[in-house]
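Spelled out from the first residue to the last, the chains are:
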Amino acid sequence: MSETTTTGDSRPPTGDPSVCGAPTGGDTTTTTRRTGAEGVDAGVGLTALLVAAARAIETHRHDSLARDEYAEHFVRAAPACADWPVSIQQVQGGDDNPLWGRFARYFGLRTRVLDDFLLRSVGTGVRQVVLLGAGLDTRAFRLDLPSDCVVFEIDRAGVLAFKQQVLTDLAAASKAKRVPVPVDLRDDWVTALTSVGFDPAAPSAWLAEGLLFYLPGPAETYLIDTVDRLTTRGSALAFEAKLEKNLLAYRDSPIYTATREQIGIDLLDLFDRGPRPDSAGALAAKGWSTSMHTPFDFTRLRGRGPLPEPNDALEGNRWVFAHKPGP
């Protein structure tokens, strides 16, 4: 349910807290398709393509909240999802379909809300953006970012290679400077990030979209602590969290059922089911100002998007926004 992908490696953590088993969201050649399979065509990687398909559907809506002209090209370039819909007209049942109707609309709303977060951040003078587990995120291409803004995209090499090939085939040009950072979040991503020009002394905006609920609790804590350590005053962070005490209580919800039955992705087998840390509270204790919202708050604000339903798999989802106060 994310922009992120993972290797599917179940090796246990070592003494290094960064080794956390973390997820890392045109015509193509045989080599490209093979790279895509290694990057996004299996396991949690398929959720990056799920989000891309949802963004494509949102893009083609007459009342679109967010537009991503690249999204359908990612879907068509990956063999595993070549027959997925990229417009609501291709969906049996249309908006009544729990997956490609309601769930896809959720992703469209989330995209718009996080787009707005990044645009507000650069509007305050931030010129460094870090996408944790960037997946198939195209904000460096889609958003009206300043030309002196740098977008660092952290993900595994296979994911970034698949995305780059599709974008190259489209002759896509980024509006901001885009710096891919090919590293698994279980490895030393901090060194990889700083070695390509990220400056911890300058304000930055961070995005963890659809990432944290795949991580064990201690891995989430480490990630949040690391972001705090790498940021100075005037920085910002947005992330998505899940608050359910028992995820399995929603196993038969329409969204999870439709996702399993229609595209073979069992999200509850991918989410970590251990206790979740209070990351918003941890940031507040470190001096950040934080706010937490339900997706439905933004549905009511925008007039479009999902509203609560019985047995709702979205009930525990929260969008958190944190800011490190300036001088």
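Residues numbered from 1 in each chain as written. Predicted model: local features only at pLDDT ≥ 70, side-chain atom pairs only at ≥ 80, totals over all residues. Heavy atoms only, no water.

Colleague: Outline the overall build of the protein, listing residues and values.
Modeller: Of the regular secondary structure elements, the protein holds 12 helices and 7 strands. When the 327 residues of the protein are sorted by exposure, 57% land in the buried category. Put simply, the protein shows about 12800 Å² of open surface, and 51% of that area lies on carbon and sulfur atoms. (Helix = DSSP H or I, 4+ residues; strand = E, 2+ residues; numbered from the N terminus. Buried < 20%, exposed > 50% of the residue type's maximum accessible area, 1.4 Å probe, protein only. Areas by Shrake-Rupley, 256 points an atom, 1.4 Å probe, with all protein chains shown as cover.)

Colleague: Describe in detail the pairing of strand S4 (residues 205-208), supporting the description with residues and values.
Modeller: Side-chain alternation along S4 places Ala 205 and Leu 207 on one buried face and Trp 206 and Ala 208 on a second face that is also buried. Bridge count between strand S1 (residues 128-132) and S4: 3 bridges; the pairing is parallel. Bridge pairing in S4 places Val 129 opposite Ala 205. In this sheet, strand S5 (residues 236-242) lies alongside S4 in parallel orientation, the contact comprising 4 bridges. Note that in S5 the partner of Ala 208 across the bridge is Phe 239. Viewed along the sheet, the connection from S4 through helix H8 (residues 217-229) into S5 turns out right-handed. (Pairing = 2+ DSSP bridges. Right-handed = clockwise from strand over helix to strand, strands pointing away.)

Colleague: I'd like to hear about the sheet that holds strand S2 (residues 150-155), residue by residue, with values.
Modeller: In spatial order, the strands read S3-S2-S1-S4-S5-S7-S6; together these 7 strands make up an open sheet with mixed pairing. Edge strands, defined here as strands with exactly one partner in the open sheet, are strand S3 (177-182) and strand S6 (289-293). Going across the sheet, the axis of each strand differs from the next one's by a mean of 15 degrees, ignoring polarity. Contacts from helix H6 (residues 157-169) reach S2 and S3, with the element oriented near 145 degrees to S3. Along the sheet, helix H12 (residues 295-302) makes contact with S6 and strand S7 (317-323), crossing S7 at roughly 85 degrees. (Axes fitted to C-alpha atoms, helices over the stretch in contact; angles between N-to-C directions. Contact = heavy atoms within 4.5 Å.)

Colleague: Give a description of the nonpolar core that names residues and reports values.
Modeller: Soluble globular proteins tend to bury their nonpolar side chains together. Judged by nonpolar contacts, the single largest core of 74 residues is most densely connected at Leu 49, Trp 84, Trp 100 and Phe 162. The dominant element in this core, judged by the number of residues it contributes, is helix H4 (residues 98-123), at 12 residues. (Core = buried A, V, L, I, M, F, W, Y, C linked by side-chain atoms within 4.5 Å.)

Colleague: How would you sum up the environment of Gly 123? Please name residues and give values.
Modeller: Here Gly 123 is to be found in helix H4. Assessed through its relative accessible area of 63%, Gly 123 is described here as exposed. As a C-alpha pair, Gly 123 and Pro 146 span 23 residues in sequence and 9.2 Å in three-dimensional space.

Colleague: Lay out H12 in plain terms, naming residues and giving numbers.
Modeller: All buried positions along H12 are accounted for by Pro 295, Phe 296, Phe 298 and Thr 299. Mapping the buried residues of H12 onto a view down its axis gives an arc of 160 degrees, with all of them on the same face. Away from its buried face, by an angle of more than 90 degrees, H12 presents the exposed residues Arg 300 and Leu 301. Structurally, H12 contributes buried residues whose contacts are with H4, S6 and S7. Phi turns positive, to about 80 degrees, at Gly 303, one or two residues after H12. (Arc of directions from axis to C-beta.)

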